[in-house]
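Spelled out, the chains give:
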Amino acid sequence: MYPPTTPEPLGHHHLTAQILNYQLTHGMHLKHMHLNQPQPSHNTTSSSSSSYPISTSIFPTPFPRALFHHAHNLQPIYNELYARLSDNESWLYNSVVKPLLPVDSFARILWEIHLRMKSKRGGGGGYGSDISMGLFRSDYMLHVPCKYNEEVEVEVGVSLEKNENAGLRLKQVEFNTIACAGGCHAKKVVDMHRYLTRTGVYDDDGSLSSAANGEESREKSPITLSSLPTNENIKGLADSLATAHEIYYGGPVRSDLATKTGMLFVVQPDNFNVADELPIEYALWDRESPVPTYRVEWGDDVLERTCLGGNRELLFYPHLQGEGSRPVEISVVYLRAGLEVHEYDAVGIECRVRLEQSWAIKCPSVLGHVLTFKKVQQALMGPGVLERFLDSKEKVSAIRDTFVGMFSMDGDSEEGRYARGLATDPESAWRYILKPSLEGGGHNIYGEDIPGFLLGISSESEWGRYVLMERIRSPVVGNVLMSRMGVEESDVVSELGVFGLCIWKKGEIMRNKTVGWSLKTKFADVDEMSVVKGFGCFDTPLLV
């Protein structure tokens, strides 16, 4: 039986108390920001903060061991593919950006920044660095192969017996190239489930089975340490950034003003997800050879605290510029901001331009950022595209096997007209998801809602902002999830994310590896997966 039965009501189970204590003592929280009014006896304003636990599963969720490892093996191939794509401006423009320019303001902004960087007359002066970096995350769900010829689908689950999972496939949900979050939370949830396993709480689950002699006996829990993979995301992500720092530092320090070289995390103002960012910074400072790492907020803060040196080195002032202040020469700019269109007002655009102008290695560059658009996934499905960018049939086959149907929604092509027919017909729309090129969850339109949504858009030309993606038919399994809404048991589905590092220089791939993973789980009747927006939770795979 899975999940194990609980002898006490879910909301009062001893497991929930242990989990809350673990979260409290391990920084597994999201942050609320509060600004207090000035006290009567003071002229200064003080700030305080509160937080709440991230959503998590009570039990690990069964996941096929072979597909878990297969996803890890796929990541270097995906890293290579996306590095090659970013180096091919003409393909990126013609296949991805050009169709979006009339209808997608974000695509226009990013491409205008790119063109400005290329044009000396436009004030860009050219890109400062010829080295690119990606900390990517490829997200997958399990898929039950079937023909969508009936609306009523037969439920399929993940079995605790590995031989019964042979028919399941791994299908890609999306590929993320900027501000790939969740790594630190994911590691801590895995550590938590492994701790709970060590303490034996999963062995005392109240599950009973009937023995051959008719007597009831206690079932052995399937949750063992050997079935819960370890997770070293914090070290892996920190080591990845340190590698880029060392590549930069391997050359001459370009500034005569700076006393040292460091790394810059660019973050969103009033950041609620600091517990997923700061552990990476702490790990960089704690290395045997520390990598000085600094935080700066997107926008005005970047412009006020950085400048370009005579050799286009990026100089950062840990304290506001003033008499006697000495800057740090920045080796790597790691963007955990600049991923949303509202961030690109005039100040945001100048912020991004300054970073791109600098000699620092960007994670990611503007072209690397564009690769996160869902339109890239759809364009990769074109005839011969993978063969153009990957050097072996084996790599092409491995990547293509993760694809599900994706269609352009433009009104000019035969494919686009076909997709529009599928999306506006209630008899077929239930099989699809309508996706814009936006990050963070909460932006997709699902199934039966698609026709009405499209018909509510004033101009059909705006439909071209979206791609139509076939829904992945995920197997369900029972589990208990704990969130701010309470504790609830139901059928769930999971999404496996794999983190990858790639550093390249105009066609030469300098570093390429898998560096971590995360598992997110949601109730089967919930469409979105974003944990920070309250749809899903962090989880650990129970490898079967």
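Every residue gets a number counted from 1 within its own chain, in the order that chain's sequence is written. Since the coordinates come from a predicted model, pLDDT governs what is reported: local features require at least 70, and pairs of side-chain atoms require 80 or more to be given and counted, while whole-chain, interface and lining totals use all residues. Each side-chain value is derived from all of the structure's non-hydrogen atoms; neither hydrogens nor water enter the calculation.

1. A short note on the overall build of the protein
At step 1: Secondary structure is summarised from DSSP: a helix means a run of H or I of at least four residues, a strand means a run of E of at least two, and numbering begins at the N terminus for each. Scanning the protein from N- to C-terminus turns up 16 helices and 23 strands.
At step 2: The buried share of the protein, reckoned over its 544 residues, is 55%.
At step 3: The contact criterion used throughout is that any non-hydrogen atoms of two residues lie within 4.5 Å. The long-range share in the protein, meaning contacts at least 24 apart out of those at least 6 apart in sequence, stands at 74%.
At step 4: Note that accessible areas follow from Shrake-Rupley with a 1.4 Å probe, and for residues the cover is restricted to the protein chains shown. For the protein, the computed accessible surface area is about 23,700 Å², with 50% contributed by carbon and sulfur atoms. Three labels apply to residues, based on accessible area from a 1.4 Å probe with only protein chains included: buried if under 20% of the type maximum, exposed if over 50%, partly exposed otherwise in between.

2. Focus on the environment of Tyr 140
At step 1: Within the secondary structure, Tyr 140 sits in strand β5 (residues 132–143).
At step 2: Along the sequence, Tyr 140 and Arg 169 sit 29 residues apart, while their C-alpha atoms lie 9.8 Å from each other.
At step 3: Separated by 3.0 Å, the side chains of Tyr 140 and Ser 138 make a polar contact. Each polar contact in these results corresponds to two N or O atoms within 3.5 Å; when the atoms are within protein, one needs to be able to donate a hydrogen and the other to accept it, and residues that are neighboring in sequence are counted only if both atoms are side-chain atoms.

3. Topic: the packing of helix α3 (residues 89–100) against helix α4 (residues 105–118)
At step 1: Comment: axis = line fitted to C-alpha atoms, over the contacting stretch for helices; angle = value between 0 and 180 degrees taken between N-to-C directions. Where α3 meets α4, the closest approach of the two axes is 10 Å, and the angle between their N-to-C directions is 145°. Viewed along their axes, α3 and α4 form a crossing whose handedness is left-handed. Across the interface between the two elements, Glu 89, Leu 92, Tyr 93, Val 97 and Leu 100 of α3 pack against Ala 107, Trp 111, His 114 and Lys 118 of α4.
At step 2: A per-class count over the contact of α3 with α4 returns six nonpolar, one polar and two charged. Throughout, a crossing is termed right-handed when the near helix is turned clockwise from the far one, and left-handed when it is turned anticlockwise from it by less than a right angle. Each residue gets one of three labels, nonpolar for Ala, Val, Leu, Ile, Met, Phe, Trp, Tyr, Cys and Pro, charged for Asp, Glu, Lys and Arg, and polar for the others, Gly among them.

4. Quick word on the sheet that holds strand β16 (residues 432–435)
At step 1: Two strands pair if DSSP finds at least two bridges between them. Ordered in space as β15-β18-β16-β17, the four strands form an open sheet in which the pairing is antiparallel. At either margin of the open sheet sits one strand with a lone partner, and together these are β15 (406–408) and β17 (445–446).
At step 2: Summarising the sheet, β16 and strand β18 (residues 467–470) pair through four bridges and their orientation is antiparallel. What sits directly across from Ile 433, in β18, is Met 469.
At step 3: The strands that helix α14 (residues 414–424) touches are β15, β16 and β18; relative to β15, the one it contacts most, it runs at about 115°.

5. Topic: the packing of aromatic side chains
For any pair of aromatic rings, geometry is given as the distance between the ring centres together with the angle between the planes.
At step 1: Within 6.5 Å between ring centres, the rings of Phe, Tyr and Trp (the latter by its six-membered ring) count as paired, and their orientation is classed by plane angle as stacked under 30 degrees, edge-to-face over 60, tilted in between. For the structure on display, the rule yields 20 aromatic pairs.
At step 2: Pairwise contacts between aromatic rings join Tyr 78, Tyr 82, Phe 136, Phe 175 and Trp 504 into one cluster.
At step 3: Either the NZ atom of lysine or the CZ atom of arginine qualifies as a charge over a ring when it sits within 6 Å of the ring centre and within 35 degrees of the ring normal. We note Arg 484 situated over the ring of Tyr 52; from NZ or CZ to the ring centre the distance is 4.0 Å.

6. Let's talk about the pairing of strand β21 (residues 508–523)
At step 1: Relative to β21, strand β20 (residues 486–505) is paired through 14 bridges, and the arrangement is antiparallel. Considered in β21, the bridge of Val 498 is made with Trp 517.
At step 2: Linking β20 to β21, which pair antiparallel, is a turn of two residues; within it Lys 506 sits at a positive phi near 45°.
At step 3: In this sheet, strand β22 (residues 537–539) lies alongside β21 in antiparallel orientation, the contact comprising three bridges. Considered in β22, the bridge of Leu 519 is made with Asp 539.

7. Considering the UniProt feature "binding site: Mg(2+)" (unreviewed entry) in the protein
At step 1: Taken from the UniProt record, the annotation "binding site: Mg(2+)" (unreviewed entry) applies to Glu 439.
At step 2: If you trace the backbone, Glu 439 turns up in the loop between β16 and β17. UniProt positions are given in the numbering used here, feature names are shortened, and annotations may be inferred rather than shown by experiment.

8. Comments concerning empty space enclosed by the protein
At step 1: In this analysis a 1.4 Å probe is tested at points of a 1 Å grid over the protein atoms alone, and where it fits but cannot get out there is a cavity; an open set with protein on both sides within 12 Å along at least five of seven lines is a pocket; lining residues have an atom within 4 Å of a point. Grid points are joined across faces, edges and corners, and a volume is the space filled by probe spheres set on the points. One pass over the full model with this rule turns up three cavities of 30 Å³ or more.
At step 2: Every residue along the wall of the largest cavity is listed here: Thr 61, Pro 62, Phe 63, Leu 142, Val 158, Ser 474, Pro 475, Val 476, Val 477, Val 492, Val 493 and Ser 494.
At step 3: Elements with a minimum of two residues in the lining of the largest cavity: β4 (61–63) and β20.
At step 4: Among the residues making up the lining of the largest cavity, the classes are represented as nine nonpolar, three polar and no charged.
At step 5: Space inside the second largest cavity adds up to approximately 40 Å³.
At step 6: Grouping the constituent residues of the lining of the second largest cavity by class yields four nonpolar, two polar and no charged.

9. Here's the deal with the nonpolar core
At step 1: Buried residues of nine kinds, namely Ala, Val, Leu, Ile, Met, Phe, Trp, Tyr and Cys, make up a nonpolar core once their side-chain atoms join them within 4.5 Å. Ranked by internal contacts, the top residues of the largest apolar core, which has 105 residues, are Leu 81, Tyr 82, Trp 91, Val 266 and Leu 380.
At step 2: If you look at the next biggest cluster of nonpolar residues, it comprises 27 residues, including Ile 131, Met 133, Leu 237 and Leu 241.

10. Some thoughts on the packing of α4 against helix α9 (residues 346–357)
At step 1: Two elements in contact, α4 and α9, have axes separated by 11 Å at closest approach and are oriented at 45°. Taken together, the axes of α4 and α9 are oblique relative to one another. When you trace α4 past α9, the crossing you get is right-handed. Of the residues in α9, those touching α4 at Ile 109, Leu 110, Ile 113, Arg 116 and Met 117 are Ile 349, Glu 350, Arg 352, Val 353, Glu 356 and Gln 357.
At step 2: Looking at the contact of α4 with α9 residue by residue, the class counts come to six nonpolar, one polar and four charged. Here is the rule for angles: anything less than 35 degrees is roughly parallel, anything more than 145 is roughly antiparallel, 65 through 115 is roughly perpendicular, and the remaining ranges are oblique.

11. So, helix α2 (residues 65–86)
At step 1: Taking 1.5 Å as the rise per residue, α2 with 22 residues should run 32 Å; its terminal C-alpha atoms sit 32 Å apart, in good agreement.
At step 2: Gln 75 marks the point of greatest bend in α2, at about 30°, and the proline Pro 76 comes within the next four residues. The span expected for a helix works out to 1.5 Å for each residue beyond the first. Working definition for bend: take the seven residues up to and ending at a residue and the seven starting at it, fit an axis to each, and measure the angle between the axes.

12. Regarding the side chain of Lys 187
At step 1: Here Lys 187 shows up in helix α5 (residues 183–199).
At step 2: By relative accessible area, which is 16% here, Lys 187 ends up buried.
At step 3: Setting aside chain neighbours within four positions, we find Lys 187 in contact with Asn 231, Glu 232, Asn 233 and Ile 234.

13. Structural notes on the pairing of strand β13 (residues 328–336)
At step 1: Taken across its nine residues, β13 has nine buried, putting it largely inside the fold.
At step 2: As paired elements, strand β9 (residues 261–267) and β13 share seven bridges and run parallel to each other. From the neighbouring strand, Val 266 faces β13, where its bridge partner is Leu 335.
At step 3: Of the strand pairs in this sheet, strand β12 (residues 314–316) and β13 are connected by two bridges, and their pairing is antiparallel.

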